[in-house]
Amino acid sequence: MQYGLVLSIVLMVCALSACVATCSDMPDERDRVAAAAPAIFIPQRADPFIHRTPAGRYYFIATAPEFDRIEMRTADSLGELKTAEAKTVWRKRSTGAMGANIWAPELHYFNNTWYIYFAAGDAEQPWLIRMYVLANESADPLSGEWKELGRVKTARDSFALDATSFEHKGQRYLIWAQKDHEEKLNSALYIAKLISPTQVGEVEVEISRPQLDWEIQGYKVNEGAAVIVRNGKIFISYSASATDHRYAMGLLWADVDSNLLAASSWHKLPEPVFTTNATLHRYGPGHNSFTLASDGQTDIMVYHARDYLELQGTPLTDPNRHTYIRRLGWTSEGFPDFGQNKTDAE
């Protein structure tokens with residue numbers, strides 16, 4: 001009896017020792033959650049845009065959560081860009097136009113000049129959102145003087161934002177989001193030739209409006225266009241719906257030889273290409289841009305998202321839209337593969 005009791009105790013101690021050793025090697029729930037969460041590239045920066053020069057220099061620009069300034073950072077690699085110091089290059093006015101809601105700046109270089117396109121409200125009327133341009137003729141956009149060129153002039157004076165520019169076959173174009181003619185939507189996407197940094201051509205063409213179910217969740221929105229030209233096509237990613245977990249990305253495209261100012265040249269995928277994925281702790285991804293890795297070959301997508309579902313306030317007052325980056329893949333049909341079910345590291 002006594003021998004059996006001793007043996008039982010010994011076996012129990014061994015079992016407990018084995019459990020302790022095994023359990024010490026197993027990550028707890030917090031470790032598992034941390035492992036699943038995406039790695040933030042730059043915290044609390046929405047609408048991110050990375051410009052890479054032909055020499056391989058990177059410039060990062062994005063929306064600051066205070067909506068009061070435009071800042072920029074630069075580095076020789078994406079890895080260094082992540083920790084580069086931010087420098088404020090422009091602040092909102094205290095009164096009048098460009099006095100509130102400084103959103104979605106983008107950095108472009110043409111005409112031997114740097115330009116920043118951005119959206120802003122009026123100090124006295126914050127929701128009087130229009131598109132504006134800054135210019136800097138210095139070789140380095142972080143030096144020299146940024147001059148206010150004024151508002152981007154389109155045919156209609158209405159809610160407008162998210163201007164982006166690209167050149168194709170010697171012609172520069174502007175794509176932007178604006179309230180539709182009938183004013184039934186929050187915003188649709190338009191394209192026009194860019195005659196000057198602040199003036200589009202007479203022909204303005206609507207290339208996408210929010211009509212699909214996933215584009216009208218909370219708000220009827222098409223915005224945040226980003227252009228990438230590959231495989232004989234001009235692809236435009238864009239974002240839709242409210243800027244919470246329902247925010248998602250879609251895809252348009254046109255053949256490179258088509259008339260870009262003909263609405264019939266543009267096609268739209270019926271389903272979103274990049275959306276919330278709770279398993280990966282990715283909520284409301286969108287307003288992306290494209291750049292290249294240091295090898296000059298690998299396509300990189302830059303986007304913002306939150307890493308939790310429940311907002312801390314409203315979509316605009318919650319500051320935790322973080323910047324993330326990931327490799328952009330390509331399908332056998334030559335279309336971008338955004339990797340909906342992949343982590344940013346894959």
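Residues numbered from 1 in each chain as written. Predicted model: local features only at pLDDT ≥ 70, side-chain atom pairs only at ≥ 80, totals over all residues. Heavy atoms only, no water.

1. Some words on the pairing of strand β2 (residues 58–63)
Applicable threshold: When accessible area is computed with a 1.4 Å probe and restricted to protein chains, residues below 20% of their type maximum are described as buried, those above 50% as exposed, and intermediate ones as partly exposed. Secondary structure elements are defined from DSSP: runs of H or I of at least 4 residues count as helices, runs of E of at least 2 residues count as strands, and each element is numbered from the N terminus. Two strands pair if DSSP finds at least two bridges between them.
Counted residue by residue, β2 has 6 buried out of 6 residues, so it is predominantly covered. Both strand β1 (residues 46–52) and β2 contribute to a ladder of 5 bridges, which runs antiparallel. Bridge pairing in β2 places His51 opposite Tyr59. What sits between the antiparallel neighbours β1 and β2 is a turn of 5 residues, in which Gly56 has the positive phi angle 90 degrees. Linking β2 back to strand β3 (residues 69–75) in an antiparallel pair, the connection comprises 5 residues, with Phe67 at a positive phi of about 55 degrees.

2. With respect to the pattern of salt bridges
Going by this rule: In the sections that follow, a salt bridge refers to a side-chain nitrogen of Lys or Arg positioned within 4 Å of a carboxyl oxygen of Asp or Glu.
Evaluated as defined, the whole model comprises 18 salt bridges. Here Asp157 makes a salt bridge to Arg130, at a shortest N to O gap of 2.7 Å. In this pair, Asp157 is assigned in the loop between β8 (147–151) and β9 (160–168) and Arg130 in strand β7 (residues 130–136), connecting sequence segments 27 residues apart. The partner of Arg151 in a salt bridge is Asp157, with the nearest N and O atoms 3.4 Å apart. The class of Arg151 is partly exposed, set by a relative accessible area of 31%. For Asp157, a relative accessible area of 53% corresponds to the exposed category.

3. Regarding the packing of aromatic side chains
For clarity, the threshold we go by: The pairing test for Phe, Tyr and Trp rings, Trp by its six-membered ring, is centres within 6.5 Å, and the orientation test on the planes gives stacked under 30 degrees, edge-to-face over 60, and tilted for anything in between. Any Lys NZ or Arg CZ found within 6 Å of a ring centre and within 35 degrees of that ring's normal is scored as a charge over the ring.
Under the definition given, this model contains 15 aromatic pairs. Ring geometry for Trp90 versus Phe118: centroids 5.1 Å apart, planes at 50 degrees, classification tilted. Note that Trp90 is positioned in strand β4 (residues 87–91) and Phe118 in strand β6 (residues 113–121), a separation of 28 residues in sequence. Owing to a relative accessible area of 7%, Trp90 belongs among the buried residues under this scheme. Each residue in the set Phe235, Trp253, Trp330 and Phe335 is aromatic and connected to the rest through ring pairs, giving one cluster. Here the basic side chain of Arg156 rests over the ring of Tyr190, its NZ or CZ set 5.3 Å away from the ring centre.

4. A closer look at the pairing of strand β10 (residues 171–178)
Most of β10 sits out of view: 7 of its 8 residues are buried. Summarising the sheet, β9 and β10 pair through 7 bridges and their orientation is antiparallel. Bridge pairing in β10 links Phe166 to Tyr173. Bridge count between β10 and strand β11 (residues 188–196): 6 bridges; the pairing is antiparallel. Note that in β11 the partner of Tyr173 across the bridge is Lys193.

5. Observations regarding the sheet that holds β4
Test applied: Here an axis means a line fitted to C-alpha atoms, over the contact stretch when the element is a helix, while the angle between two N-to-C directions is reported on a 0 to 180 degree scale.
As summarised here, the arrangement of the 4 strands in space is β1-β2-β3-β4, forming an open sheet in which the pairing is antiparallel. Edge strands, defined here as strands with exactly one partner in the open sheet, are β1 and β4. Each strand of the sheet is rotated relative to its neighbour by a mean of 25 degrees, with strand direction disregarded. With 4 bridges joining them, β2 and β3 adopt antiparallel strand pairing. When the bridges of β3 are listed, Phe60 appears paired with Arg73.

6. Quick notes on the nonpolar core
Test applied: Nonpolar cores are built from buried Ala, Val, Leu, Ile, Met, Phe, Trp, Tyr and Cys residues. Side-chain atoms within 4.5 Å join them into one set. Contact criterion: two residues are considered in contact whenever any of their non-hydrogen atoms come within 4.5 Å of each other.
The biggest cluster of nonpolar side chains holds 27 residues, and the ones touching the most others in it are Ile191, Ile207, Leu260 and Trp266. Only β5 (100–110), β9, β10, β11, β13 (205–208), β15 (233–240) and β16 (248–255) provide two or more residues apiece to this core. A total of 4 residues in this core trace back to one element, the largest contributor, which is β15. Among all residues touching Ile207, those that are not within four sequence positions of it are Leu189, Tyr190, Ile191, Ile236, Leu252 and Trp266. Counting 18 residues, the second largest nonpolar core, distinct from the first, contains Phe49, Ile70, Leu107 and Trp114.

7. Regarding the sheet that holds strand β20 (residues 322–327)
The 3 strands lie next to each other as β18-β19-β20, forming an open sheet whose pairing is antiparallel. Two strands in the sheet have a free side with no partner beyond their single neighbour: β18 (283–292) and β20. Strand-to-strand twist across the sheet, computed as the mean angle between neighbouring axes with direction ignored, equals 30 degrees. Strand direction decides the pairing type here: strand β19 (residues 299–306) and β20, joined by 6 bridges, are antiparallel. Across the sheet, residue Ile300 finds its bridge partner in β20, namely Arg327.

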